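# Descriptive analysis of the structure
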Amino acid sequence: MGMKVSVMSNQEILDAGKKYIMNTYGRFPIALTQGQGSRVWDADGKEYVDFVAGLAVTSLGHCHPEVTGAIHEQCQALVHTSNLYWIKPQVELAKMLVENSDFDKVFFANSGAEANEGAIKLARKHSKLKFCSDKYEIITMSKSFHGRTMATLTATGQEKVQKGFDPLLEGFKYVPFNDYEALAGAVGDKTCAVMLEPVQGEGGVNVADKDYLQKVAKLCREKDLLLILDEVQCGMGRTGRLFAYQHYGIKPHIMTLAKALGNGTAIGAMLAVDEVAGSFQPGDHASTFGGNYLATAAGKKVLEIMLRENLAAKAAEMGSYIMEELSRLKGLYPDKIAEVRGLGLLIGIEVHGESLSIVKKAMDKGLLLSAAGTQVVRFLPALNVDLETVKLGLKIFEEVLKEDL
């Protein structure tokens, strides 16, 4: 692909952005204008290895020709009509998701937060119909992240996300992640569901222990609670299986997806088993743009490619390689790296020092990384990243470690 320098420079875009865009992101001082695979270029023409992938979104890399083709073809037919009518690619994508999971029905939204919002509503509605009582509380985990809407930021077990938005929504309890006894002790008469991420991404790349998650699933069965798994970041092949719950030998009642499902096209999905999905009837929940032609045409092609190329298995293989190399670097730089953890290509490096400092230094050297908290640097390459690009990224990361942080 021929790289073209933008008409506007990084600085010009930065200046205009500060003038016209609300200040809700701590943005880095570059504007990315082109991408191909696992490489991106900024407005000044500088090239970067992209190990952020839009925060686990572009899992097939940037400008994947088949996905681009599917979007282009759909744009020439129909982009939007409304869910008042049946939408063919929406039905087809739902069928693919159901046939490759343990769920029966799908609701489409525009984002992970919307998918999680839908899961919270479905859990409450199901409980109301089933028990005809005041069972509405949902137990979530400390360090979790479920979104920025009022319900999902309340579900998120991080005070920094909730600060300034009181009063929060009633009906949530928080317990430590990977602590079964704390969770079991928190279940009360009003509890209707448990909601967690099999791998906490934003919370520091914390992986659920297999024994823990199996005990949680058993507890939910015994107490007649719904188990909701948020796989917005860790789903869609990221952990080395198509869905992260498949590592654990369990069957949740509800699962949420987004991010990688559209490879950059805005889409979210909530999947549920029939017994629970049936609690939603016309008028209970909706989304104007959810599951429109464009988003589901893209999602259908993304899932088709992931399955055809077995990208989950490739993520497991490449993730193992990266983890081994990072563990080697930990041995060389024990004063810089405290721990390496993760699953598949969702990898966290806990550092001695500030993660943001490492992210900034890496960006200056041509490697894009993200922080997951103040002391964890996250690697999120595309699932189809090639070995040459991985080696280059690791080389740049080691150069950063060699410097004083």
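Before going into details, it helps to say that this report is about the structure given with it.

On to the sheet that holds strand β1 (residues 32-36), then. Taken in spatial order, the 4 strands make up an open sheet running β1-β2-β3-β15, and their pairing is mixed. Because the sheet does not close on itself, it has two edges, and the strands there are β1 and β15 (367-368).

A few words now on the pairing of strand β7 (residues 191-196). Of all 6 residues making up β7, 6 are buried, and the element is well covered by its neighbours. Sheet topology note: the strand β5 (residues 137-141)/β7 ladder contains 3 bridges and is parallel. What sits directly across from Ile138, in β7, is Ala193. Pairing of β7 with strand β10 (residues 226-230), which is carried by 4 bridges, proceeds in the parallel orientation. Residue Val194 lies in a different strand from β10, and its bridge partner there is Leu227.

Sheet architecture is open: 4 strands sit in the order β13-β14-β17-β16, paired in antiparallel fashion. Only two strands of the sheet have a single partner each, and these edge strands are β13 (337-343) and β16 (370-371). Sheet topology note: the β16/strand β17 (residues 376-379) ladder contains 2 bridges and is antiparallel. By the bridge assignment for β17, Ala371 is matched with Val377. Across the sheet, helix α12 (residues 311-332) touches β13, β14 (346-351) and β17, and the angle it forms with β13 is around 170°. On the sheet, helix α14 (residues 387-402) packs against β13, β14 and β17 and is oriented at approximately 165° with respect to β17.

Here we take up the nonpolar core. Within the largest apolar cluster, 98 residues are counted, with the highest numbers of intra-cluster contacts made by Val194, Val216, Leu326, Phe379 and Phe397. When residues no more than four places from it in sequence are discounted, the contact partners of Phe379 are Phe51, Ile322, Leu326, Leu345, Leu346, Ile347, Ile349, Leu369, Leu394 and Phe397.

Before going further, it helps to examine the packing of aromatic side chains. Scanning all chains against the criterion turns up 5 aromatic pairs. Here the aromatic rings of Phe103 and Tyr245 are separated by 5.8 Å at their centres, their planes lie at 80°, and the arrangement is edge-to-face. Pair noted here: Phe103 is in the loop between α4 (88-99) and β4 (105-109) and Tyr245 is in the loop between β10 and β11 (254-257), with a separation of 142 residues, a long-range link. Just as Phe103 is buried, Tyr245 falls in that class too.

A separate point is the environment of Gln74. By the secondary structure assignment, Gln74 is in helix α3 (residues 65-75). What makes Gln74 buried here is its relative accessible area of 14%. Separated by 240 residues in sequence, Gln74 and Lys314 place their C-alpha atoms 29 Å apart. With residues near it in sequence (within four places) discarded, Gln74 still touches Val79, Pro89, Tyr293, Leu294 and Ala297. Among the polar contacts listed, one links the side chain of Gln74 to the backbone oxygen of Leu78, at a separation of 2.7 Å.

Tracing the sequence through the fold places Glu197 in the loop between β7 and β8 (199-200). For the buried Glu197, no salt bridge exists, and the shortest N-O distance to an oppositely charged side chain is 8.1 Å, to Arg378. Within the structure, the side chain of Glu197 is placed 3.1 Å from the backbone nitrogen of Phe145, a separation counted as a polar contact. In contact with Glu197, not counting residues within four places along its chain, are Ser144, Phe145, His146, Phe177 and Asp230.

Take the state of the cysteines next. Scanning the model with the defined rule gives 0 disulfides in all. You can see Cys132 has no disulfide; the closest cysteine sulfur is in Cys192, sitting 14 Å from it. The exposure class assigned to Cys132 is exposed, which follows from its relative accessible area of 69%. Not part of a disulfide, Cys234 finds its nearest cysteine sulfur in Cys220, a span of 16 Å. The exposure class of Cys234 is buried, given its relative accessible area of 1%.

This paragraph deals with the environment of Lys121. If you trace the backbone, Lys121 turns up in helix α5 (residues 112-131). Residues Lys121 and Ala151, spaced 30 residues apart in sequence, show a C-alpha to C-alpha distance of 9.3 Å. Setting aside residues up to four positions removed in sequence, Lys121 forms contacts with Phe280, Asp284 and His285. Of note is the side chain of Lys121, whose polar atom sits 3.2 Å from the backbone oxygen of Asp284.

Closest axis-to-axis distance for the α3/helix α11 (residues 293-308) pair is 9 Å, and the angle between their directions is 150°. Between α3 and α11, the angle is such that the two are roughly antiparallel. Crossing geometry of α3 relative to α11 is assigned as right-handed. Contact residues: Glu66, Val67, Ala70, Ile71, Gln74 and Cys75 in α3; Tyr293, Leu294, Ala297, Ala298, Lys301, Val302, Glu304, Ile305 and Arg308 in α11. In the contact of α3 with α11, the residues fall into 10 nonpolar, 1 polar and 4 charged.

What counts, and where the lines are drawn
Residues numbered from 1 in each chain as written. Predicted model: local features only at pLDDT ≥ 70, side-chain atom pairs only at ≥ 80, totals over all residues. Heavy atoms only, no water. Pairing = 2+ DSSP bridges. Helix = DSSP H or I, 4+ residues; strand = E, 2+ residues; numbered from the N terminus. Buried < 20%, exposed > 50% of the residue type's maximum accessible area, 1.4 Å probe, protein only. Contact = heavy atoms within 4.5 Å. Axes fitted to C-alpha atoms, helices over the stretch in contact; angles between N-to-C directions. Core = buried A, V, L, I, M, F, W, Y, C linked by side-chain atoms within 4.5 Å. Phe/Tyr/Trp six-rings, centres within 6.5 Å; stacked < 30°, edge-to-face > 60°. Polar contact = N/O pair within 3.5 Å; in protein donor to acceptor, adjacent residues only side chain to side chain. Lys, Arg positive; Asp, Glu negative; His and termini not counted. Salt bridge = Lys/Arg side-chain N within 4 Å of Asp/Glu carboxyl O. Disulfide = S-S within 2.5 Å. Parallel < 35°, antiparallel > 145°, perpendicular 65-115°, else oblique. Left-handed = near helix turned anticlockwise from the far one by under 90°. Nonpolar A, V, L, I, M, F, W, Y, C, P; charged D, E, K, R; others polar.

The quantities given are spatial measurements derived from coordinates; they are silent on function.
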